[in-house]
Amino acid sequence: MRSVLTVIAIALGGVAVAQTPMNDSSCRDNLQSAFNGLRVIDASHLSAYSYVLRLDTTETLNGNTITYAGGLRLYDDNVSAGELIRSELTLYRGTTLIQRTVADGRRVWSYDPAQNAYSANAYNTDQGANTANYRTNFTNTFKETATGAPLTLITLMDQASITGTARVKDWLGGIQFQGLNWTKPGDPLNLDGAGNPIIPPPHQYDTVWQKLPDSSRFVQFETETFDAGVTWNLDSVQIHKQDKLGASTKVSDTYLTVPKDKFGNPMVEARNSTAFVFVPPNQSKVLSSPRTIKF
């Protein structure tokens, strides 16, 4: 992953990279464009979009490292005749599934493999028109079971899409965003009718961050544009934390990335993807919660 130090090192190493500092307002504008760009329109339902995010976390304490991996899949159809929001949140410790949460359009199913137990909480009616607070109910119910690193996926989901347009908020409260815009010269790709090379718009990057003065916590966003800043793509988010635990320090780094297919396009989800289906496993039990559906 690129970092601010990497960008500076490239410049000092003699590569032709132009760097321009960014103020808080420019950083927020960049992130809003990149967050909006996460959404991929469903060609079969033009009122709908989807996106997929991947999570990778390492936690180190007293020389021991634990790795986590997971992801978020979201399908959102904002058609006026009846909204449909479906999602899946997963978390693995190493290769072992430790949490799966599924929103199927009416219920949020949260499964704990260690207990072979699940909860089922409704955010919509079983039949007829959607409840008046459908979107808010989904958000509140879906995020209830998320803890630890997956909360960063919920934060990004909330800022990128659920209100219908991106809204950038502080990830570290009360700290201004800082950033660097830097450019790599474009390479000639084609020739025009006179045989002259057609130079594409310069490939630009923005590195945007919020950071505590002692660097014990920071969040850093990597974005890029291929059309001179008309649109921006989100490449990655890094969330770094250092927490004192007695005489020891736990260090965690979480990376959020956008998985790509073999053609380099962002992964998407279909309206009826199996990711949005939950079937209670054999001999599983129901966990009680304030909104648990009783069977």
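Before reading further, recall that the structure is shown in the block above.
Residues numbered from 1 in each chain as written. Predicted model: local features only at pLDDT ≥ 70, side-chain atom pairs only at ≥ 80, totals over all residues. Heavy atoms only, no water.

Visitor: Just checking my understanding: could you explain the overall build of the protein for this structure?
Guide: Helix and strand counts for the protein stand at four helices and 16 strands. For the protein, the proportion of its 295 residues judged to be buried stands at 42%. A separation threshold of at least 6 residues defines the contact pool for the protein, and within that pool the share at least 24 residues apart is 53%. (Helix = DSSP H or I, 4+ residues; strand = E, 2+ residues; numbered from the N terminus. Buried < 20%, exposed > 50% of the residue type's maximum accessible area, 1.4 Å probe, protein only. Contact = heavy atoms within 4.5 Å.)

Visitor: In this structure, what is going on with helix α2 (residues 24-36)? I would like to understand it.
Guide: Along an α-helix, a turn takes 3.6 residues, which lines up residues three or four apart on a common side. Taking 1.5 Å of rise per residue, the 13 residues of α2 would be expected to cover 18 Å, and the 18 Å separating its terminal C-alpha atoms lies within 8% of that figure. Within α2, the full set of buried residues consists of D24, C27, N30, L31, A34 and F35. Looking straight down α2, one finds that the buried residues subtend no more than 130 degrees of arc, so they occupy a single side. The N-cap residue of α2 is N23: its side-chain oxygen and the backbone nitrogen of S25 are 3.3 Å apart. (Expected span 1.5 Å × (residues − 1). Arc of directions from axis to C-beta. Polar contact = N/O pair within 3.5 Å; in protein donor to acceptor, adjacent residues only side chain to side chain.)

Visitor: Looking at this structure, how should I read the pattern of salt bridges?
Guide: A pair can form between side chains of opposite charge whenever their charged atoms are brought close. Evaluated as defined, the whole model comprises twelve salt bridges. The salt bridge involving D126 is made with R107; its shortest N-O contact spans 2.9 Å. Within this pair, whereas D126 is found in the loop between β8 (117-122) and α3 (134-143), its partner R107 is found in strand β7 (residues 107-112), the two being separated by 19 residues in sequence. The salt bridge partner of R217 is D243, with a shortest N-O separation of 2.5 Å. In this pair, R217 sits in strand β13 (residues 217-225) while D243 sits in strand β14 (residues 233-245), placing the two residues 26 residues apart along the sequence. Here R217 falls in the partly exposed class, since its relative accessible area comes to 27%. (Salt bridge = Lys/Arg side-chain N within 4 Å of Asp/Glu carboxyl O.)

Visitor: In this structure, what is going on with the packing of aromatic side chains? I would like to understand it.
Guide: In the structure shown here, the tally under the stated rule is twelve aromatic pairs. With centroids separated by 6.3 Å and ring planes inclined at 15 degrees, the aromatic side chains of Y49 and Y51 adopt a geometry described as stacked. Each member of the pair, Y49 together with Y51, is buried. With a centroid separation of 5.6 Å and 55 degrees between ring planes, the pair formed by Y118 and F278 is classed as tilted. Of this pair, Y118 sits in strand β8 while F278 sits in the loop between β15 (248-257) and β16 (285-286); the two residues are 160 residues apart in sequence, bridging distant segments of the chain. An aromatic cluster is built from F35, W171, F177 and F221, whose rings are joined through pairwise contacts. The positively charged end of R39 is found above the aromatic ring belonging to Y49, 5.5 Å away from the centroid. (Phe/Tyr/Trp six-rings, centres within 6.5 Å; stacked < 30°, edge-to-face > 60°. Lys NZ or Arg CZ within 6 Å of the ring centre and 35° of its normal.)

Visitor: Could you clarify how one ought to interpret the packing of α3 against helix α4 (residues 150-160) in this entry?
Guide: Two packed helices can be described by the angle between their axes and the distance between those axes. Interaxial distance between α3 and α4 falls to 11 Å at its minimum, and their mutual angle equals 170 degrees. Taken together, the axes of α3 and α4 lie roughly antiparallel to each other. Handedness of the crossing formed by α3 with α4: left-handed. Residues F138, T139, F142 and K143 of α3 form the contact with α4, whose own contacting residues are I154, M157 and D158. Broken down by class, the residue content of the contact of α3 with α4 amounts to four nonpolar, one polar and two charged. (Axes fitted to C-alpha atoms, helices over the stretch in contact; angles between N-to-C directions. Parallel < 35°, antiparallel > 145°, perpendicular 65-115°, else oblique. Left-handed = near helix turned anticlockwise from the far one by under 90°. Nonpolar A, V, L, I, M, F, W, Y, C, P; charged D, E, K, R; others polar.)

Visitor: What exactly am I supposed to notice about the nonpolar core here?
Guide: Among soluble globular proteins, nonpolar side chains are generally buried collectively. Counting residues in each nonpolar core, the largest one holds 44 residues, and the members touching the most others are F35, Y51, F138, F142, M157 and F221. Take this core: its biggest share by element is five residues, from α4. Residue contacts for F35: discarding those within four places in its chain leaves L156, Q159, A160, A166, V168, F221 and L234. Counting six residues, the second-largest nonpolar core is a separate cluster that includes V102, Y111, A120 and F278. (Core = buried A, V, L, I, M, F, W, Y, C linked by side-chain atoms within 4.5 Å.)

Visitor: Hey, could you run me through the pairing of β7 in this one?
Guide: For a regular strand, side chains alternate in direction, first toward one face of the sheet and then toward the other. Burial analysis of β7 places five of its six residues in the buried class, the great majority of the element. One ladder, built from four bridges, connects strand β6 (residues 96-103) with β7; its direction is antiparallel. Bridge pairing in β7 links R100 to Y111. Where β7 hands over to β8, the hairpin turn is made up of four residues, of which N116 adopts a positive phi near 50 degrees. (Pairing = 2+ DSSP bridges.)

Visitor: How should I be thinking about unusual backbone geometry in this particular structure?
Guide: Most peptide bonds take the trans configuration, and most residues that are not glycine carry a negative phi. The phi torsion at N116 lies on the positive side, around 50 degrees, for a residue other than glycine. Here N116 lies in the loop between β7 and β8. Backbone geometry at A228 places phi at a positive 60 degrees, although glycine is not the residue there. Within the secondary structure, A228 sits in the loop between β13 and β14.

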